[in-house]
Amino acid sequence: MSMHILNCFTCNARWPLKLKTGTVCTLVETNQGLVLVDTGLGLDDYAHPPGMVNLFRVIFSVPFERREAAANQVKSLGFRPEDVRHIVLTHMHFDHCGGLPDFPRARVHVHRREHEAFTGRMRRWTDLAYLRRHIAHKPEWVLYDTTGEKWYDFDAIHLPFEPEMWLVPLHGHTWGHCGVAVKQGDGWYFNAADAGAVYNDSAPAWLIRLVLGPHDGRLRQFMKAHPEVRMVTSHMELDWFEKEGSK
Ligand SMILES: [Zn+2]
């Protein structure tokens, strides 16, 4: 079974660092059909960009190319959007779940704390990146709680797919943010999403902690100790997608 790493939303930072980055979405062929981990923006976000997306386009340099929408990339790979039976979300910021309406029949798997934060009242400014319209089609939810199971020494939640997949709670960037690990051969692919900036050695630690939460140091140590784990974060540099993303 294979896996496809897609860049579903290019957003280039202008400050404090100039970085050309995409947004990692992962399409995994499983025993239960296609599983998409994060979606990037959706087709309607391109057609009718919400205010928050427009604000984001002012802050970041965003080419805003509709072909980057996951639904379009799934088609380019020769699948139909309805072949995507399940969507696993690391968290529900608009750049990670905006494509939900393009897969209306997919079951959506997410940590319960994240779903509650998204549907509850706003508690801090970053919650502005939760856009209710992304779930207006009322998807079928599969909500998970942390149970004490482990993936390596991380708390983890076993997902019901083959190849083996784990939801790895790394709360902080958002209330219920998680990484996602997928078994690959003798090792693992691990998307730590927005919990760390493990390939970025120029961002100051205080900024990483402020924006991404408390896990960056632990993730860096883990990556060093476990070469069999191919770790990525959500916003990898564009060069990486070209060189590594297709492997
Ligand atoms: Zn985020």
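(A) Examining the coordination of the zinc ion more closely. For the zinc ion, the protein coordination sphere consists of His91 (NE2), His93 (ND1), His173 (NE2) and Asp194 (OD), at 2.2 to 2.6 Å. For the zinc ion, the four donor atoms are set out with angles of 84 to 174° between them, so the coordination reads as irregular. Residue classification places His91 among the buried positions, given a relative accessible area of 0%. Taking the relative accessible area as the measure of exposure, His93 reaches 6% and is therefore buried.

(B) Looking closely at the side chain of His91. Considering the arrangement of structural elements, one finds His91 in the loop between strand S6 (84–88) and helix H4 (94–97). A distance of 3.5 Å separates polar atoms of two side chains, one belonging to His91 and the other to His93. Filtering out sequence-adjacent residues up to four positions away, His91 remains in contact with Asp38, His96, Cys97, Glu114, His173, Thr174, His177 and Asp194.

(C) Structural view of the environment of Gln32. Examined against the element boundaries, Gln32 turns out to sit in the loop between strand S4 (24–30) and strand S5 (33–37). The class for Gln32 is partly exposed, based on a relative accessible area of 30%. As a C-alpha pair, Gln32 and Pro163 span 131 residues in sequence and 9.9 Å in three-dimensional space. Dropping the residues within four chain positions of it, Gln32 is found in contact with Arg85, His86, Pro160 and Phe161. At 2.4 Å, the side chain of Gln32 and the backbone oxygen of Pro160 are in polar contact.

Definitions and limits used
Here, residues in each chain are numbered from 1, in the same order as that chain's written sequence. pLDDT decides what is reported in this predicted model: residues at 70 or higher carry local features, side-chain atom pairs at 80 or more are listed and counted, and totals for whole chains, interfaces and linings draw on all residues regardless. Side-chain numbers come from the whole structure's heavy atoms, not from hydrogens or water. Coordinating N, O and S atoms are those within 2.8 Å of the metal (3.2 Å for Na, K and Ca), and as water is not part of the atoms, a site may appear to have fewer donors than expected. In these descriptions, tetrahedral denotes four donors with every angle between 85 and 135 degrees, square planar four donors and octahedral six donors with opposite donors over 155 degrees apart and the rest between 65 and 115, and irregular any other case. Burial classes follow relative accessibility: with a 1.4 Å probe on protein chains only, a residue under 20% of its type's maximum area counts as buried, one over 50% as exposed, and anything between as partly exposed. Counting from the N terminus, the helices are the DSSP runs of H or I reaching at least four residues and the strands are the DSSP runs of E reaching at least two. The definition of a polar contact used here is a pair of N or O atoms within 3.5 Å, where within protein one atom must be able to donate a hydrogen and the other to accept one, and adjacent residues in sequence count solely through side-chain atom pairs. In what follows, a contact means two residues having at least one pair of non-hydrogen atoms within 4.5 Å.

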